[in-house]
Amino acid sequence: METSINISGTNGKAPLSTSSKAFAVAVQHPRRGVKKGIAIGDFIIRLCAMAATMGAAITVGLADQSLPFFTQFLRFQAKYDDIPSLVFFMVANAIVTGYLVLSLPFSVICIIRPLATTPRLLLVIFDAAMAGLTMAAGSASASIIYLAHNGNPNTNWLPFCQQFGDFCQAVSGAVVGSLIAGTLLLFLLILSAFALKRS
């Protein structure tokens with residue numbers, strides 16, 4: 001006794017079973033959840049880095065101290081624009097702050113569409129550039145602040161933070177904030193690389 005099986009309408013291909021579809025969905029959902037968690041963490045860290053760079057730029061821009069010299073009409077004054085490294089520091093942190101503000105919509109897109117790779121790749125490229133800029137500005141200013149605190153006896157550079165203590169304290173705090181922002185940007189690169197690796 002022979003039994004014939006009609007497979008018309010399937011074009012000779014066995015249909016995908018519902019169990020296979022369920023397995024595919026089960027595999028895809030954990031990956032989507034991990035990527036969404038990474039994207040949310042990226043957004044929060046981006047906000048923290050933006051606050052750090054904005055605070056650093058504003059602090060240096062407002063740092064100003066004057067000392068009287070013999071009379072009240074003749075004063076010594078310390079401002080950020082007296083030192084080129086601090087000018088570069090303020091401009092660099094302002095640029096990074098602007099970039100971080102513009103990058104927030106892309107970070108939101110990564111939260112809404114965790115599996116999208118194009119916005120994540122763009123963020124990786126520009127995050128790397130901004131991390132380098134932040135670290136360069138912070139390192140250059142840190143060397144100047146070190147000389148301001150300690151001087152250099154070999155070249156007869158005297159420390160002036162003994163006289164301009166408030167100015168040096170404000171700038172030192174801004175440099176620390178900028179270096180923290182640079183570290184956060186490097187951490188963003190690690191998160192983005194991890195997210196792209198799991199694509």
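Keep in mind that this is a model prediction, so the values were computed, not measured.

**Here's the deal with the UniProt feature "transmembrane region" (unreviewed entry) in the protein chain**
UniProt's feature table lists "transmembrane region" (unreviewed entry) at residues 43-63, 83-109, 121-149 and 169-196, given in the numbering used throughout. The span residues 121-149 is 100% helix and 0% strand, and its two end C-alpha atoms sit 42 Å from each other. With 100% helix and 0% strand, residues 169-196 has its two end C-alpha atoms placed 41 Å apart.

**Observations regarding the nonpolar core**
In terms of nonpolar packing, the biggest core is built from 21 residues, with V60, L86, F89, F167 and V171 touching the most fellow members. Counting only elements with at least two residues in this core, the list comes to α1 (18-62), α2 (84-112), α3 (118-150) and α4 (165-197). In terms of residue count, the dominant contributor to this core is α4 (five residues). Beyond its immediate stretch of four places on either side in the chain, V171 contacts A63, L86 and I145.

**Brief notes about the packing of aromatic side chains**
Two descriptors summarise a pair of aromatic rings, namely the distance from one centre to the other and the angle between the planes of the rings. Applying the stated criterion to the full structure yields one aromatic pair. Centroid distance Y99 to F126: 6.3 Å. Interplanar angle 35°. Geometry classified as tilted. Taken as a pair, Y99 in helix α2 and F126 in helix α3 lie far apart in primary sequence, 27 residues in all. With a relative accessible area of 44%, F126 lands in the partly exposed category.

**Topic: the confidence of the model for the protein chain**
Residues of the protein chain with pLDDT of at least 70 account for 76%, and the chain-wide mean is 79. Looking over the protein chain, one finds the lowest element-wise mean pLDDT in strand β2 (residues 71-79), namely 61, and the highest in α2, namely 93.

**Some points on the pattern of salt bridges**
Counted under the stated rule, the structure contains three salt bridges. The salt bridge involving D42 is made with R46; its shortest N-O contact spans 2.9 Å. Residue D42 and its partner R46 are both found in helix α1; the two are separated by four residues, about one turn of the helix. Salt-bridge contacts for D42 lead to R120; the nearest nitrogen and oxygen are separated by 3.2 Å. With D42 in helix α1 and R120 in helix α3, this residue pair connects regions lying 78 residues apart in the sequence. The class for D42 is buried, based on a relative accessible area of 0%. By relative accessible area, R120 is classed as buried at 5%.

**Description of the packing of α2 against α4**
Relative orientation of the contacting elements α2 and α4 amounts to 40°, with a least axis distance of 12 Å. The angle between α2 and α4 places the two elements in the oblique class. Judged by the twist between their axes, the crossing of α2 over α4 is left-handed. Mapping the contact onto sequence places L86, F89, N93, V96 and L100 in α2 and F167, V171, A174, V175, S178 and L185 in α4.

**Here's the deal with a nonpolar patch on the surface**
A grouping of F106, I109, L121, L122, I125 and F126 is seen on the molecular surface, where their side chains present a nonpolar patch of about 530 Å² in accessible area. Position of F106 among the secondary structure elements: in helix α2. On the accessibility criterion, F106 (36% relative accessible area) is partly exposed.

**Examining the environment of A142**
Following the sequence through the fold, A142 ends up in helix α3. A residue is classified by how much of its surface remains accessible, and A142, at 31% relative accessible area, is partly exposed. For A142 and F89, which are 53 residues apart along the polypeptide, the C-alpha to C-alpha distance reads 9.9 Å.

**What about the packing of α2 against α3?**
Where α2 contacts α3, the two axes come as close as 9 Å, and the packing angle between them is 160°. When the axes of α2 and α3 are compared, the pair comes out roughly antiparallel. For the pair α2 and α3, the sense of crossing is left-handed. Each residue belonging to the contact of α2 with α3 can be placed in one class, and the counts come to 20 nonpolar, seven polar and two charged.

Cut-off values and rules
Residues numbered from 1 in each chain as written. Predicted model: local features only at pLDDT ≥ 70, side-chain atom pairs only at ≥ 80, totals over all residues. Heavy atoms only, no water. UniProt positions renumbered as here; feature names shortened; annotations may be inferred. Helix = DSSP H or I, 4+ residues; strand = E, 2+ residues; numbered from the N terminus. Core = buried A, V, L, I, M, F, W, Y, C linked by side-chain atoms within 4.5 Å. Buried < 20%, exposed > 50% of the residue type's maximum accessible area, 1.4 Å probe, protein only. Contact = heavy atoms within 4.5 Å. Phe/Tyr/Trp six-rings, centres within 6.5 Å; stacked < 30°, edge-to-face > 60°. pLDDT = per-residue confidence, 0-100. Salt bridge = Lys/Arg side-chain N within 4 Å of Asp/Glu carboxyl O. Axes fitted to C-alpha atoms, helices over the stretch in contact; angles between N-to-C directions. Parallel < 35°, antiparallel > 145°, perpendicular 65-115°, else oblique. Left-handed = near helix turned anticlockwise from the far one by under 90°. Patch = residues over 30% accessible without salt bridge, like charges linked within 9 Å, V, L, I, M, F, W, Y side chains within 5 Å. Areas by Shrake-Rupley, 256 points an atom, 1.4 Å probe, with all protein chains shown as cover. Nonpolar A, V, L, I, M, F, W, Y, C, P; charged D, E, K, R; others polar.

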